Amino acid sequence: MPVNTRSAHPGPSVQGRSAVRAPSARARCPRPALRAVAWLAGPAAAVVLLTACPASAAPLPLSSAAGPGHTSGAPPASGHRAARVQGEDGRGFAALAGLSAERLELADQVAAAKLRSGTPVADPARERVVLEEAARKATARGLDPVVARRVFRDQIEASKAVQRGLLQRWRAHPEQRPTGRPDLAGEVRPALDRITTGLIDALTEVAPRRGTPGCRAALTTKAAGQAVQRRFDPLHSRGLSRALASVC
Ligand SMILES: O=C(O)C(=O)C[C@]1(C(=O)O)C=C[C@@H](O)C=C1
C-alpha cells in the first residue's frame, strides 16, 4: 500500500505503482538556491559539485530508462569491445547510480515499516539472503561473485545508515513520521530483490571499467545527477556515495 512518508513526491515503484513517497522537495532540497553536494568520491578525494535544485525535478523513470529492463534489453555485449563501448556511453554507470538511488529511496519504506513494527534496522538473516542472491546472479552472468558481494555489502550498509538517520529524524520530529505501514515482506523486499537483478546487470556491464582511471569520475557524475534529480538531502546523498563505494 502506498505510504506517504513525507510528501506527494513520487518514489520508486513497488509492484508497478508509485508506493514510496520520497521526502518532499522541501525536505530534500530545502532552499531553491545553489547547494553544494559534496561527494566522498573515494578515500583520497572529495568531489564537490555545485548543483542547483530545480524547481520541479521529477525522479528518473529508472525502470524504463536505466533499470533492469533497460540493461537486460540492451544488445548483448559480445566480447571486450562491446562491453567497453557500452561502458563508454555511460549506460552501465547510469543504471548503477539510478538503481542505487532507487534502492535508497526504498530505505524510507523499510524504515517506515520498522518504525511501526519496532524491529531493529539490522536483520543479519535477510542480509545473508541478499548477499547470497547477488552472488548467485553474478555467477550466472559471469561476474565475479566476490565483487557482487562487496558492492551489495555497501548497498546494505548505505540502507542501514539512511534508515537509522530517518528513525532518528522521526524521533526528534514526530510530525514528520510517515503515516502508512509498508508491507516489508510482501512489497518492499520484493522491490529490493528486483533492483538486485538490475544492479547485477549494470555491474556486469561496467566490469571492464573497474580499476580504470575514468571509472570513478563516470560513476560520480551519474550519482550526482541522481542526487539532484531526486532532490536527495545530505542523508540520502551520503548514502548514495556509500552504496557505490566499491564499484570502481
Ligand atoms: O530488508 C530489510 O529489513 C532491510 O533493512 C534492507 C537491508 C538491505 O539493504 O537489503 C538493509 C538492512 C538489513 O540488515 C537487511 C537488508
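Looking at an unreviewed UniProt entry, one finds the protein named chorismate mutase and attributed to Streptomyces cacaoi. Under the UniProt heading Pathway (unreviewed entry), the note attached to the protein is "Metabolic intermediate biosynthesis; prephenate biosynthesis; prephenate from chorismate: step 1/1."

A.B. asks: Can you break down the overall build of the protein residue by residue, with the values?
C.D. replies: A count of helices and strands for the protein gives 10 helices and 4 strands. Taken over 248 residues, the protein has a buried fraction of 50%. Long-range pairs, those at least 24 residues apart, make up 74% of the contacts in the protein with a sequence separation of at least 6. Taken as a whole, the protein presents about 11100 Å² of accessible surface, with 57% of it coming from carbon and sulfur.

A.B. asks: If you had to explain the site of the ligand to someone new, which residues and values would you point to?
C.D. replies: Taken together, 14 residues surround the ligand, and among them Arg 103, Lys 114, Asp 123, Glu 127 and Arg 189 come closest. In this structure, an oxygen atom belonging to the ligand sits 2.8 Å away from a main-chain N or O atom of Asp 123. Between an oxygen atom of the ligand and a side-chain N or O atom of Glu 127, the distance comes to 2.5 Å. Coverage of the ligand by the protein chains reaches 100% of its 360 Å² of free accessible surface. Of all elements in the fold, only helix H5 (91–117), helix H6 (124–141) and helix H7 (145–172) reach the threshold of two or more residues within the shell around the ligand. Looking at the shell around the ligand element by element, the count peaks at 4 residues for H7. Of the residues that constitute the shell around the ligand, the class distribution is 5 nonpolar, 2 polar and 7 charged.

A.B. asks: With reference to specific residues and values, describe unusual backbone geometry.
C.D. replies: Positive phi, close to 55 degrees, is recorded for Arg 231, a residue that is not glycine. Here Arg 231 is to be found in the loop between helix H9 (215–229) and helix H10 (234–243).

A.B. asks: Just give me the short version of the state of the cysteines, but keep the residues and values in it.
C.D. replies: Counting across every chain of the model gives 1 disulfide. Residue Cys 215 pairs covalently with Cys 248 via a disulfide, S to S 2.1 Å. Taking the torsion about the S-S bond as the criterion, the Cys 215 to Cys 248 disulfide, at about -80 degrees, is left-handed. Placement of the pair is Cys 215 in helix H9 and Cys 248 in the segment after H10, with a sequence separation of 33 residues.

A.B. asks: Before we move on, could you go through the environment of Ser 246 and cite the residues and values that matter?
C.D. replies: You can see Ser 246 is positioned in the segment after H10. Residues Ser 246 and Arg 153 lie 93 residues apart in sequence; the distance between their C-alpha atoms is 9.2 Å. When residues no more than four places from it in sequence are discounted, the contact partners of Ser 246 are Arg 150, Val 151, Asp 154 and Arg 210.

A.B. asks: Break down the nonpolar core for me, with residues and values.
C.D. replies: Judged by nonpolar contacts, the single largest core of 49 residues is most densely connected at Leu 96, Phe 152, Leu 240, Leu 244 and Val 247. In terms of residues, this core owes the most to one element, H5, which gives 13 residues. For Phe 152, the contacting residues outside a window of four places in its chain are Val 130, Leu 131, Ala 134, Thr 196, Leu 199 and Ile 200.

A.B. asks: How would you summarise the side chain of Gln 226 if you had to cite specific residues and measurements?
C.D. replies: Tracing the chain through its elements places Gln 226 in helix H9. Using a relative accessible area of 4% as the deciding quantity, one classes Gln 226 as buried. Only 2.6 Å separates the side chain of Gln 226 from the side chain of Arg 230, close enough to count as a polar contact.

A.B. asks: For the pattern of salt bridges, give the residues involved together with the corresponding values.
C.D. replies: All chains considered together, the criterion is met by 13 salt bridges. For Glu 105, the salt bridge identified is with Arg 230, shortest N-O distance 2.8 Å. Linking Glu 105 in helix H5 with Arg 230 in the loop between H9 and H10, this pair joins segments that are 125 residues apart in sequence. Residues Glu 105 and Arg 230 agree in their burial class; the two are buried. Here Arg 149 makes a salt bridge to Glu 132, at a shortest N to O gap of 2.5 Å. Of this pair, Arg 149 sits in helix H7 while Glu 132 sits in helix H6, placing them 17 residues apart in sequence. Overall, Arg 149 belongs to the partly exposed group, its relative accessible area being 32%. A relative accessible area of 46% means that Glu 132 is categorised as partly exposed. One continuous salt-bridge network, built from bridges that share partners, spans Glu 127, Arg 153, Glu 157 and Lys 160.

Cut-offs and rules
Residues numbered from 1 in each chain as written. Predicted model: local features only at pLDDT ≥ 70, side-chain atom pairs only at ≥ 80, totals over all residues. Heavy atoms only, no water. UniProt positions renumbered as here; feature names shortened; annotations may be inferred. Helix = DSSP H or I, 4+ residues; strand = E, 2+ residues; numbered from the N terminus. Buried < 20%, exposed > 50% of the residue type's maximum accessible area, 1.4 Å probe, protein only. Contact = heavy atoms within 4.5 Å. Areas by Shrake-Rupley, 256 points an atom, 1.4 Å probe, with all protein chains shown as cover. Near = heavy atom within 4 Å. Polar contact = N/O pair within 3.5 Å; in protein donor to acceptor, adjacent residues only side chain to side chain. Nonpolar A, V, L, I, M, F, W, Y, C, P; charged D, E, K, R; others polar. Disulfide = S-S within 2.5 Å. Core = buried A, V, L, I, M, F, W, Y, C linked by side-chain atoms within 4.5 Å. Salt bridge = Lys/Arg side-chain N within 4 Å of Asp/Glu carboxyl O.

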